[in-house]
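Residues per chain, in single letters:
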Amino acid sequence: MKRITCESCGHVNPEGTVLCEACGKPIEKNQHIDGNKPGKLLNMRYEGSARRSQTYNKSVIDKIWNFFSSVKVGVTLIVITLIASAVGTIFPQEMYIPPNVDPAQHYADQYGILGKIYYQLGLHNLYSSWWYMILIALIGTSIIIASIDRYVPLHRALKMQKPKRHKAFLQKQRLFSETENISNQDVKHVKDRLKKQRYKIKEEDGHILAEKGRFSRWGPYVNHIGLIVFLIGALMRFIPFMYIDDYVWVREGETAVVPETDQQYYVENKEFIMETYDENDERYQEAIQKQGGAVPSNYQTDAVIYKASGEAVTGEDPELEKVKEGSIQVNKPLKFDGFALYQSSYQLDEFKSMTFKIHETDDEAEEALASFTVNLMDPEYEYELDNGFRVVIDQYFPEYFMDDGTPASQSKYPRNPAFVFFVYPPGEDTPEVSFAGIGRNVDASGENDYKVGLQNFEVRDVTGLTLKRDYTLPIIALGGLIFMIGVIQGMYWQHRRVWIHPSDSGVMLAAHTNKNWYGIKREIEKAIEGTELNMVEDQLEIKQ
Amino acid sequence: MGDLTQVSSALLYFAFILYLVATFVFAGTIRDKRTDKGNGKLGKVAITITIIGFLTQIGYFITRWIASQHAPVSNLFEFTTFFGMMLVFAFIIIYFIYRLNLLGLFTLPVALLIIAYASMFPREISPLIPSLKSHWLYIHVTTAATGEAILAVSFAAGLIYLIRQIDQTQRSKRTTWLEVVMYAVFSTLGFVIISSLFSAFHYSAEFQFPVEGEEITVEYQLPAITGPDDGELQTEGVMQPLFEAPGWMHGENAARKFNTLIWSVLTGAVLYLLARLILRKRIAAAIQPLLKRANPDLVDEISYRAVAIGFPVFTLGALIFAMIWAQQAWDRFWGWDPKEVWALITWFFYAAFLHLRLSRGWHGEKSAWLAVGGFAIIMFNLVAVNLIIAGLHSYA
C-alpha cells in the first residue's frame, strides 16, 4: 500500500488521506476526494481521513463496496422502502381482511379495479414479499459497509491528531480568528476557562487542543450496530426453534394439550370471564351511550398449567402435575418455561349438552314420555330410553345452516347444533325421522306419532389463547437498546474542538464541532471573555 | 367528580387563552428593537405567559386524569390536546437554548390550531377497552407525542427559514409550494371555524345506510355535501347531499369524515382567498418583511437541532415502547397495522433527513423543506390515517 508522508509534520498517512491525520495539512493531490476547493472551508466530516470507498475503484469488490458506502445510496434505499411501506397501507393487508374469504374476490369486490391490481401485484402481502425483504437486506448491507468504511479511518485520524496543527488547517475552519500581540497570560486564561467547561486540554510546543465529547462521534456506529442486531433478531424468527406461534381453544372445565410442547404441557380453562363497564357508571355514562352498546372492560381466562409426569403411554391419559395457576388477561400473558399464553379470543355460551324429550305429536301439553342428553362434543350413536324408546343419531350439525336447501354445518363447533334423529318407538323396528335443533323441531314425514323437542341445554364459554415462544425477543430488545444508546450518544452530545495556535505575530484561534455551532460559539465567548483574544468569526456566515 | 371534569375543561380553556395572548406578545417582540437576543422585556413577558399557559394545561391534564382514572391520552381529543401541550413544552425547551422570540410566534399558533382541532372531537371521558389497559398506554403515547412535538418545532423553524429566504419577487415553484403550506394551515383553521359554527347551532342530520349487511345510523354535524354510499337522509328540513361518498370508503364514519374534510378544504379556500384579497400578495410574501431580522443560519440550526433532539425521543416512544406494548397486548411486537407503518415511515423520513444533513448542499432551504415534509407525514399519521385507514389504534 502506498503511503503519504506529510510534507509539514512528517507523519505517514495511509493512501487516500485528504488531511494529514496528525497536523491537518491538506494533502494536495487528494483535495478532490472531499470536494475541498481553494479559498473555501475544509470538509471536516470524516476528518479528511482515508476512506476505502474514496480510494479504490478498480475491482468488482471495490465497486460493490463503494456502492454500499455511499450515503446517497443509503438514503435512496430508505426513501424507496419508505414509499413501499406507504403503498402497503393504501388497502388493508391480507392479514386484516376477514378470514374465510377468497382474497382475490375480496379485493376486487371491495376496492374495484384498483383493488384487483393491488392484489395481482401482490401488494396485499407487501411486507412479507421477497422484494421488501431484499430492500431491508440492502439497507442492512449499506449500514454495515458504510459504517466500516467510515469508522475505521475516522477512529485512526482522531487517535493520531496532534495539538500542533498546520496553519492552513486552522485558517480553513468554519470558526476562526487571529489576534496579534497576545500575552501568555491571556492564553492561559482561555485554557483554564476551557478546562472549566470540561474540555480536555492537550499541549505541544505552546499549541493547544481543547477537546470534548469525542465519544459522540461513535454514536452513529453504535446505533448502526443496534440496527444490525435488531435485524439479525428479526431474521432468527425464521428458525423454527427460536419462534413458535400457535393457537389453542379451551372450553371451560376442560384441559387441552398445549401445542408445540411435545405433549408436555396442558392448560385447563377453569373459567372464562368477560366483563363490561357499568352503563350507569356516572363517569363513563356519556361515552357508553354514544357508543351505543356495552364496552368490555376485561377478558380473562382463569387457567392452570400442568406438566405431564412419567413416561407418556400412547392412548393413555398422562399423569398431570400442576405447574402454575393464574389469570390470563389482555396485556397480562401467563408465562411458563419460555412459553407465554395470551388472551386473544373467546366464544361465549357455546353449547355443551342438549337434553331432548319425546312427546306425543298431538299432546298439546308436550308431556315428556322419555328424555335423553347429548354431549355435544362427543355424542353417542344410540340412546336407550325409559319406556322402551330408542334414539339413533343419524346426522349431527354442530353449527347448522341451510346450504341451498340442504342442512349443513359451518364448523365442528357446537354453536348452533341440530340433529336428524331416528326415533324407534317401543317395540318398533322402523324409525320415525325427526329433525331437532334450537327453536325448531320438524317432522320430516308429517306422519310421526312422536315428536322430539328441546327440553334443556347447558352452555359454557370457550377461550382462545395464543401460544408464543420467542427466543428472539432478547436479541431484538438488545438491538433496540444499543440503537437508543447510540442515537442518544450521537445526538445529545457533540464533538467540539478548539485549537490555539501561536503564530509569528500572535495567536490563531479555530474551532470545529460536528453539530450545534451556536453552542460552541457561546462556549468560546465565555472562554475568551476578559481577554484580548478576538472572538472567532463564522466564516460560513461571512460568505453568505 | 363531575365538577372535576368541568374544572379540567376550564383549565384547558384558560391555557388556550394564555397561549393566544402569548402569541400576540411574541408578535410584539418583532417591533421591539432590544429583543435581538431574547434579552428584551417583552420576550420575557411572552415566555412567562407561555409557561403559565403550559402549567395551566398540565393542570387540565392532571384533573382529567383523576376524573377519568386513566391517563387522558386514550382518544383522539385527548391525544391531540396532549400533542399540543407537548409542542408548547418542546418550544419552551428550545426557547431556553436559543432565545429566539420569533420561534414562539410560529410554534404557538401551530399549538393553538392543534388544540382547537382536538376539541372538535368528542370530549367525553371514555372507558378503556381491555387492550388499552396497560401502563404502556401512558408511557408509549406520551413519549411518542413528545417526540413528534419536538419534531414539530423543527417544522416551525423550517417555515420561518422558508418564508424569510424564498425570493418572493417573482412567482416560482417554491413560492407556490410555500403557499400550499399556508393553505394547509388555513384549512385547519377552516375546519375549526366551520365545526364550531355548526355545533353552535346544534346542526344535525341523520343518515341510515348499510354497512356489511346491517343498517346503521350516523349523525352529521355538518350539512352533508357528500352522503354515505346508499344512505338515506332521516332528518327533515336539512340539506340533501350533493353526491354520495365512494363505496370503497369503509367504516361507519368514513363518509361523515370525508364530508368534514370537504368542508375544511372549502372553508380553508375561502379564508385563504379572503386573506389574499386583503393582503394583495402571497401570504408568505406578506409575512416575509417581519422576519428580516431573523438570522437564517440560526433558524436552520434550530430546525436541525429539534430533529436531533426529537428523533431519539420519537424512536423510543413511537417504535420501541410501542413494540414492547404490542408484544404484551397483541402477542407480537410488530403487526404492520397502518398506524405502526406510518410511524415507521416517519422514522425512515427523519433518518433520511439526518443522513442528508451530512451531505453538502442539504443545509438551509432543502433542509427546511424536509422539516416541513416531516411534519406533513406526522400530521398525515394523526389525521389521515385515522380518517381513511382504520386500524387498531383507539383513535381510529
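Residues numbered from 1 in each chain as written. Chains lettered and ligands numbered in written order. Predicted model: local features only at pLDDT ≥ 70, side-chain atom pairs only at ≥ 80, totals over all residues. Heavy atoms only, no water.

Remarks on the overall build of chain A
Move 1: When helices and strands are tallied, chain A shows 12 helices and 24 strands.
Move 2: Taken over C-alpha atoms, the radius of gyration comes to 39 Å for chain A, far larger than the 24 Å a tight globule of 544 residues would show.
Move 3: Based on the C-alpha atoms only, the size of chain A along its principal axes is roughly 130 × 55 × 55 Å.
Move 4: Looking at the 544 residues of chain A, the share that counts as buried comes to 48%.
Move 5: Counting only carbon and sulfur atoms, one obtains 51% of the accessible surface of chain A, whose full area is about 28100 Å².
Move 6: If the 60 positive side-chain charges of chain A are averaged to one point and the 75 negative ones to another, these points end up 27 Å apart. (Helix = DSSP H or I, 4+ residues; strand = E, 2+ residues; numbered from the N terminus. Rg over C-alpha atoms; globule rule 2.2 N^0.38 Å. Buried < 20%, exposed > 50% of the residue type's maximum accessible area, 1.4 Å probe, protein only. Areas by Shrake-Rupley, 256 points an atom, 1.4 Å probe, with all protein chains shown as cover. Lys, Arg positive; Asp, Glu negative; His and termini not counted. Charge placed at Lys NZ, Arg CZ, Asp CG, Glu CD.)

Some thoughts on the interface of chain A and chain B
Move 1: Counting residues at the interface gives 64 residues for chain A, matched by 65 residues for chain B.
Move 2: Across the chain A to chain B interface the summed buried area is about 5300 Å²; carbon plus sulfur atoms make up 63%.
Move 3: Ranking the residues of chain A by area buried against chain B places Arg283, Asn331 and Tyr518 of chain A at the top, with a combined share of 14%.
Move 4: Here chain A is connected to chain B by 1 salt bridge. (Contact = heavy atoms within 4.5 Å. Buried area = accessible area lost by both parts, 1.4 Å probe. Salt bridge = Lys/Arg side-chain N within 4 Å of Asp/Glu carboxyl O.)

A word on helix α3 (residues 76-98) of chain B
The periodicity of an α-helix, 3.6 residues per turn, causes residues three or four places apart in sequence to face the same way.
Residue and element names in this part refer to chain B.
Move 1: Over its 23 residues, α3 extends 32 Å from the first C-alpha to the last, a length consistent with the 33 Å expected when each residue adds 1.5 Å.
Move 2: For α3, a buried count of 19 out of 23 residues is recorded, marking the element as mostly surrounded by other parts of the structure.
Move 3: A positive phi of about 55 degrees marks Arg99, the residue just after α3. (Expected span 1.5 Å × (residues − 1).)

Focus on the sheet that holds strand β14 (residues 382-384) of chain A
Residue and element names in this part refer to chain A.
Move 1: Reading across from one edge, β14-β15-β18-β19-β20 is the order of the 5 strands in this open sheet, with antiparallel pairing throughout. Pairing within the sheet leaves two strands with one partner each, and these edge strands are β14 and β20 (440-443). Direction aside, the axes of adjacent strands within the sheet are offset by 25 degrees on average.
Move 2: Where strand β18 (residues 418-424) lies against strand β19 (residues 432-437), 6 bridges are found, and the strand directions are antiparallel. Across the sheet, Ala418 pairs through a bridge with Gly437, a residue of β19. (Pairing = 2+ DSSP bridges. Axes fitted to C-alpha atoms, helices over the stretch in contact; angles between N-to-C directions.)

Details of the environment of Met491 of chain A
Move 1: With respect to the helices and strands, Met491 of chain A occurs in helix α10 (residues 473-492).
Move 2: Taking C-alpha positions, Met491 of chain A is 34 Å from Trp130 of chain A, a pair spaced 361 residues apart along the chain.
Move 3: Ignoring sequence-local partners within four residues, the contact set of Met491 of chain A consists of Lys515 of chain A together with Ala308, Pro312 and Leu354 of chain B.

A few points about the pattern of salt bridges
Residues and elements named next belong to chain A.
Move 1: One pass over the structure, following the stated rule, counts 29 salt bridges over all chains.
Move 2: In this structure, Asp149 and Arg51 form a salt bridge, with 3.8 Å as the shortest nitrogen-oxygen distance. Taken together, the residues Asp149 in helix α5 (residues 130-160) and Arg51 in the loop between β2 (12-14) and α1 (52-55) connect sequence positions 98 residues apart. Comparing Asp149 with Arg51, the two get one shared label, buried.
Move 3: Where Arg251 meets Glu350, a salt bridge forms, and the shortest distance between an N and an O atom there is 2.4 Å. Separated by 99 residues along the polypeptide, Arg251 in strand β6 (residues 243-251) and Glu350 in strand β12 (residues 339-360) bring together distant segments of the chain.
Move 4: The class of Glu350 is buried, set by a relative accessible area of 1%.

Re the domain arrangement of chain A
Move 1: One can read the domain layout of chain A as domain 1 (3-159), domain 2 (177-213 + 494-543), domain 3 (243-348 + 464-480) and domain 4 (353-457).
Move 2: Using C-alpha coordinates to define each centre, domain 2 of chain A is positioned 97 Å away from domain 4 of chain A. (Domains from an automatic or database assignment.)

Let's talk about the UniProt feature "transmembrane region" (unreviewed entry) in chain A
All names here are of chain A.
Move 1: The feature "transmembrane region" (unreviewed entry), as annotated in UniProt, sits at residues 73-91, 130-152, 221-243 and 471-493 in this numbering.
Move 2: Helix makes up 65% of residues 221-243 and strand makes up 4%, while its end C-alpha atoms are separated by 29 Å.
Move 3: The straight-line gap between the two end C-alpha atoms of residues 471-493 is 34 Å; of that span, 87% is helix and 0% is strand. (UniProt positions renumbered as here; feature names shortened; annotations may be inferred.)

A look at the domain arrangement of chain B
Move 1: If you check the domain split of chain B, you get domain 1 (2-168 + 281-387) and domain 2 (203-261).
Move 2: One C-alpha centre belongs to domain 1 of chain B, the other to domain 2 of chain B; they are set 33 Å apart.

Regarding unusual backbone geometry
Move 1: Of note in the backbone geometry, Asp262 of chain A takes a positive phi value of approximately 55 degrees without being a glycine.
Move 2: Structurally, the position occupied by Asp262 of chain A is in the loop between β7 (255-257) and β8 (265-276).
Move 3: Accessibility expressed as a relative area gives 70% for Asp262 of chain A, which makes it exposed.
Move 4: With a phi angle near 60 degrees, Arg280 of chain B is a residue other than glycine that sits in the positive phi range.

Structural notes on the confidence of the model for chain B
Move 1: Considering every residue of chain B, the mean pLDDT works out to 89; 93% of them sit at 70 or more.
Move 2: Segment residues 391-396 of chain B: pLDDT under 50, and 23 contacts once partners within four positions in sequence are set aside and those in other chains are kept. (pLDDT = per-residue confidence, 0-100.)

Looking at the UniProt feature "domain: ResB-like" (unreviewed entry) in chain A
Move 1: With numbering aligned to this structure, UniProt lists the feature "domain: ResB-like" (unreviewed entry) at residues 71-427 and 448-525 of chain A.
Move 2: End C-alpha atoms of residues 448-525 of chain A are separated by 107 Å, and the span's content is 37% helix alongside 46% strand.

With respect to the packing of helix α7 (residues 184-196) of chain A against helix α11 (residues 517-528) of chain A
Residue and element names in this part refer to chain A.
Move 1: Remark: α7 packs on α11, axes separated minimally by 8 Å, with the N-to-C direction vectors making an angle of 135 degrees. Comparing the axis directions of α7 and α11 gives the class oblique. Crossing of α7 against α11: the hand is right-handed. Between α7 and α11, the residues in contact are Val190, Arg193 and Leu194 and Lys526, Ala527 and Ile528, respectively.
Move 2: The class makeup of the residues in the contact of α7 with α11 is 4 nonpolar, no polar and 2 charged. (Parallel < 35°, antiparallel > 145°, perpendicular 65-115°, else oblique. Left-handed = near helix turned anticlockwise from the far one by under 90°. Nonpolar A, V, L, I, M, F, W, Y, C, P; charged D, E, K, R; others polar.)

With respect to the packing of aromatic side chains
All names here are of chain A.
Move 1: Applying the stated criterion to the full structure yields 61 aromatic pairs over all chains.
Move 2: Aromatic pair Tyr107 and Tyr119: ring centres 6.0 Å apart, planes at 25 degrees, arrangement stacked.
Move 3: A relative accessible area of 0% places Tyr107 in the buried class.
Move 4: Plain terms: the ring middles of Phe356 and Phe419 are 5.7 Å apart, the flat faces sit at 85 degrees to each other, and that makes the pair edge-to-face. Placement of the pair is Phe356 in strand β12 and Phe419 in strand β18, with a sequence separation of 63 residues.
Move 5: Among the residues examined, Phe356 registers a relative accessible area of 0% and is labelled buried.
Move 6: In this structure Phe419 comes out as buried when scored by relative accessible area, which is 0%.
Move 7: Of note, Arg174 hangs over the ring of Trp517, and the distance from its end group to the ring centre comes to 4.3 Å.
Move 8: Arg469 extends its terminal NZ or CZ atom over the ring of Phe241, reaching a point 4.9 Å from the ring centre. (Phe/Tyr/Trp six-rings, centres within 6.5 Å; stacked < 30°, edge-to-face > 60°. Lys NZ or Arg CZ within 6 Å of the ring centre and 35° of its normal.)

Examining the UniProt feature "domain: Cytochrome c assembly protein" (unreviewed entry) in chain B
Move 1: With numbering matched to this structure, UniProt assigns "domain: Cytochrome c assembly protein" (unreviewed entry) to residues 74-190 and 263-393 of chain B.
Move 2: Between the first and last C-alpha atoms of residues 74-190 of chain B the distance is 26 Å; the span itself is 77% helix and 0% strand.

A closer look at the sheet that holds strand β10 (residues 319-329) of chain A
Residue and element names in this part refer to chain A.
Move 1: Judged by pairing direction, the sheet is antiparallel, and its 4 strands sit side by side in the order β7-β8-β9-β10 without closing on themselves. If you trace the sheet from one side to the other, it starts and ends with β7 and β10, each paired once. For this sheet the average axis-to-axis angle between neighbouring strands, irrespective of direction, equals 25 degrees.
Move 2: Strand direction decides the pairing type here: strand β9 (residues 296-309) and β10, joined by 10 bridges, are antiparallel. Residue pairing across strands places Val304 opposite Glu325, the latter belonging to β10.

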